[in-house]
Amino acid sequence: MPNGASSVQLKNHITCCRSSKEDSSSSVRQDEISVHGVSNKVVGVLGGGQLGQMLCQAASQMGIKVMVSDPLENCPASALAYGHVVGRFDDSAAVEEFAKRCGVLTFEIEHVDVAALEKLEQEGVDCQPKASTIRIIQDKYLQKIHFSQHGIPMPEFREINDEESAREAGDSFGYPLMIKSKRLAYDGRGNAVAHTKEDLSSCVAALGGYGHGLYVEKWAPFVAELAVIVARGRDGSLSCYPVIETIHKDNICHIVKAPAEIPWKIKELATDVAQRAVRSLDGAGVFAVELFLTKDEQILLNEVAPRPHNSGHQTIESCYTSQYEQHLRAVLGLPLGDSSMKIPAAIMYNLLGEEEGEQGFALAHQLIGRALNVPGASVHWYNKPEIRKQRKMGHITIVGPSMVNVENKLKSLLSKEDKISDGLSQATPLVGIIMGSDSDLPIMKEAAKVLDIFGVPYEVRIVSAHRTPELMNVYAKSAHKRGIQVIIAGAGGAAHLPGMVASETPLPVVSVPIRGSRSVLYMLQIPRGIPTATVGINNAENAVLLALRTLAILYPDMQASMIQYQQDMTDDVLRKGDKLMDLGWKGYLDSR
């Protein structure tokens with residue numbers, strides 16, 4: 001198609017959208033089909049890739065009409081969009097023609113003609129986020145300057161124009177040295193690492209030479225890469241999603257873990273840095289803020305994307321409001337949705353092309369087929385017409401009651417085991433039964449019997465507070481990371497075990513005092529700040545029933561089983577009562 005040309009693929013006989021310059025109450029022509037839903041504006045999206053596709057999916061649930069502009073006639077969003085205009089992002093005429101057909105213009109890619117956007121804004125077109133934000137973000141060096149001027153913590157950086165400036169940067173920052181292109185860099189493209197001074201020339205050449213526009217960053221000694229999705233409404237209100245961890249492979253996002261397993265104070269710091277970065281930009285929408293967590297627990301900004309992002313895919317299944325719905329809410333001026341997680345843990349795995357052509361499709365489909373057998377897994381296929389190595393073709397999200405649960409499912413999926421764990425196998429126990437001595441086992445075994453009845457996986461361990469204090473500390477600190485949800489601790493004698501374990505774990509601890517000791521007295525005098533729930537002497541059965549009621553918050557089926565368990569107890573008592581009335585007390589005792 002010639003430069004500047006565009007064509008509209010008709011959807012439901014819609015020929016165009018109204019001009020943003022017209023009043024919303026009178027702008028729909030009589031011969032157009034009215035737009036009904038939560039908003040009467042048509043949302044125009046520059047970009048029709050997988051992000052545009054998922055925006056269209058979210059929009060369809062809300063009755064929002066989305067038009068996309070993309071140079072590919074069969075782009076992923078084309079099959080779902082209200083309308084599809086074929087046109088290049090750097091074609092100002094195509095961008096202007098498209099924008100004026102929509103009530104609000106937004107983006108799924110920042111590599112667009114920003115000069116055209118600025119002109120459109122002057123003419124009254126509603127761009128969200130603003131063109132000024134896109135200009136800042138699409139040039140990563142300009143982005144660094146902007147955030148440094150706003151006091152956002154970042155790795156040191158500087159521009160390089162020739163070999164001399166590159167060597168000076170290396171001498172100043174040390175090696176390894178991150179070299180980046182200013183523009184058109186994503187998914188690992190446009191980045192190169194010089195490990196020594198001798199690597200500089202080859203890295204620069206790989207990035208297109210100094211004339212391509214390069215800068216360098218001091219290597220950030222990070223221990224984890226984090227991200228925060230921040231939504232900002234038209235009124236300036238912010239809504240932040242939980243901090244997540246991103247794991248990269250060959251500079252491409254490989255796995256996303258939600259929430260990140262980091263201390264609470266680090267989550268607060270990361271969220272604060274993300275909010276400050278977004279507040280420094282103009283416009284409404286969803287912003288993805290990528291961060292580094294350093295060895296000394298600092299949070300450094302990596303970069304920001306003014307749009308939905310790969311690190312937020314899992315919000316579709318894991319959060320009350322997905323990042324895609326949230327973006328639509330934000331740009332349309334609707335109330336922002338609840339960004340909190342509705343389940344405890346989620347993991348997202350990017351489906352990247354392993355091979356070219358049909359072989360690549362075959363491998364991807366094999367993995368998809370296996371994922372369809374995984375409880376809690378959702379498959380998203382982007383329907384791209386071509387597959388290449390390392391190209392993002394789809395993603396799989398797995399949700400569950402703990403991070404170890406979803407990680408085990410993903411490991412099973414990727415290791416191609418014949419049996420995929422459903423998360424309720426012995427590999428992922430939910431209850432830990434511990435005791436100070438094997439002499440407590442005759443009492444504590446009753447807890448295990450009840451768990452067997454309910455089909456809940458558990459583990460039984462001897463962990464002494466006095467004879468094996470190191471083992472006790474390791475057990476208590478690691479239990480939640482291994483998927484344990486509740487700990488039942490039985491102890492006699494000095495009875496320190498429940499309290500000591502409770503002091504080292506964030507999990508609920510149920511104490512079982514053992515008869516023949518003063519343990520119940522000690523268990524009832526545990527100091528403030530170290531909560532345990534103490535049941536009756538030798539009553540391991542009550543301890544496990546309390547544990548199961550706690551677990552029922554996460555497992556609805558378990559709550560139903562508990563209701564049935566209570567009904568069975570009632571029925572048993574009623575049967576005994578009826579029998580006593582029929583036989584009399586002597587006959588009843590004789591029949592037992």
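Above: the structure in question.
Counting of residues starts from 1 at the beginning of each chain's written sequence and follows it residue by residue. Only residues with pLDDT of 70 or above have their local features reported here, since the model is predicted, and side-chain atom pairs are shown and tallied only from 80 upward, although totals for entire chains, interfaces and linings are computed over all residues. Side-chain figures throughout are based on the complete set of non-hydrogen atoms in the structure, without hydrogens or water.

**Looking at a nonpolar patch on the surface**
Argument step 1. Residues enter a patch when their relative accessible area is above 30% and they make no salt bridge; the linking distance is 9 Å between like charges and 5 Å between nonpolar side chains (Val, Leu, Ile, Met, Phe, Trp, Tyr). What sets the accessible areas is the Shrake-Rupley method with a 1.4 Å probe; for residues, cover comes only from the shown protein chains. Between Lys or Arg on one side and Asp or Glu on the other, a salt bridge is scored when a side-chain nitrogen of the former is within 4 Å of a carboxyl oxygen of the latter. Together, Leu580, Trp585 and Leu589 make up a nonpolar patch on the protein surface, roughly 340 Å² of accessible area in all.
Argument step 2. Put simply, DSSP H or I for four residues or longer makes a helix, DSSP E for two residues or longer makes a strand, and each gets a number counted from the N terminus. Looking at the secondary structure, you find Leu589 in helix α18 (residues 556-591).

**Some details on the packing of helix α4 (residues 131-138) against helix α5 (residues 140-149)**
Argument step 1. To obtain an axis, a line is fitted to C-alpha atoms, over the contacting stretch when the element is a helix, and the angle between two such axes runs from 0 to 180 degrees between their N-to-C directions. α5 packs onto α4 with a crossing angle of 110° between their chain directions and a minimal axis gap of 5 Å. Taken together, α4 and α5 sit at an angle that is classed as roughly perpendicular. Where α4 abuts α5, its residues Arg135, Ile136, Ile137 and Gln138 lie against Lys140, Leu142, Gln143, His146 and Phe147.
Argument step 2. Here the residues of the contact of α4 with α5 are counted per class, giving four nonpolar, three polar and two charged. Oblique is the label for every angle not falling under 35 degrees (roughly parallel), over 145 degrees (roughly antiparallel), or within 65 to 115 degrees (roughly perpendicular). Here, two residues are considered to be in contact whenever any of their heavy atoms come within 4.5 Å of each other. Put simply, Ala, Val, Leu, Ile, Met, Phe, Trp, Tyr, Cys and Pro go in the nonpolar bin, Asp, Glu, Lys and Arg in the charged bin, and everything else, Gly too, in the polar bin.

**Some points on the sheet that holds strand β8 (residues 191-194)**
Argument step 1. The four strands are arranged β6-β9-β7-β8 in an open sheet whose pairing can be described as antiparallel. The open sheet has two edge strands, β6 (157-160) and β8, and neither has a second partner. Between one strand axis and the next, the sheet turns by 30° as a mean value, whatever way the strands run.
Argument step 2. Helix-sheet contacts for α5 involve β6, β7 (177-181) and β9 (214-218), and the interaxial angle to β6 is about 145°.
Argument step 3. With respect to the sheet, helix α6 (residues 163-173) is in contact with β6, β7 and β9, its orientation differing from that of β6 by roughly 160°. One requirement defines pairing of two strands: DSSP has to find at least two bridges between them.

**A word on the pairing of strand β20 (residues 458-462)**
Argument step 1. In the sheet, strand β19 (residues 431-435) pairs with β20 via five bridges, with the strands oriented parallel. Within β20, the residue paired with Ile433 across the bridge is Val460.
Argument step 2. For the crossover that starts at β19, traverses helix α13 (residues 441-454) and ends in the parallel β20, the hand is right-handed. Here the term right-handed applies to a crossover when the path leading from its first strand over the helix to its second strand runs clockwise, the strands being oriented away from the viewer.

**Details of the sheet that holds strand β21 (residues 486-491)**
Argument step 1. One open sheet accounts for five strands, arranged β20-β19-β21-β22-β23; its pairing is parallel. Taken across any chain shown, the strands that pair with only one partner, and hence form the sheet edges, are β20 and β23 (533-534).
Argument step 2. In terms of strand pairing, β19 meets β21 through five bridges, oriented parallel. Across the sheet, Ile434 pairs through a bridge with Ala489, a residue of β21.
Argument step 3. Contacting β19, β20 and β21, helix α14 (residues 469-478) runs over the sheet at an angle of about 160° to β20.

**Side note on the nonpolar core**
Argument step 1. In this description, a nonpolar core means a group of buried Ala, Val, Leu, Ile, Met, Phe, Trp, Tyr and Cys residues linked to one another through side-chain atoms lying within 4.5 Å. The cut-offs for exposure are 20% and 50% of the maximum accessible area for each residue type, with area from a 1.4 Å probe on protein chains only; residues under the lower value are buried, those over the upper are exposed, and the others partly exposed. Val431, Ile433, Val456, Ile488, Val512, Leu548 and Leu551 are the most contacted members of the largest nonpolar core, which has 31 residues in total.
Argument step 2. Every element with two or more residues in this core is listed here: β19, α13, β21, β22 (509-513), α17 (540-551) and α18.
Argument step 3. Apart from residues lying up to four places away in sequence, Val512 is in contact with Ile443, Met444, Ile488, Ala489, Gly490, Ala491, Met523, Val535, Asn538, Asn539, Ala540 and Ala543.
Argument step 4. In terms of nonpolar packing, the next biggest core, distinct from the first, is built from 26 residues, Val273, Val278, Leu291 and Ile299 among them.

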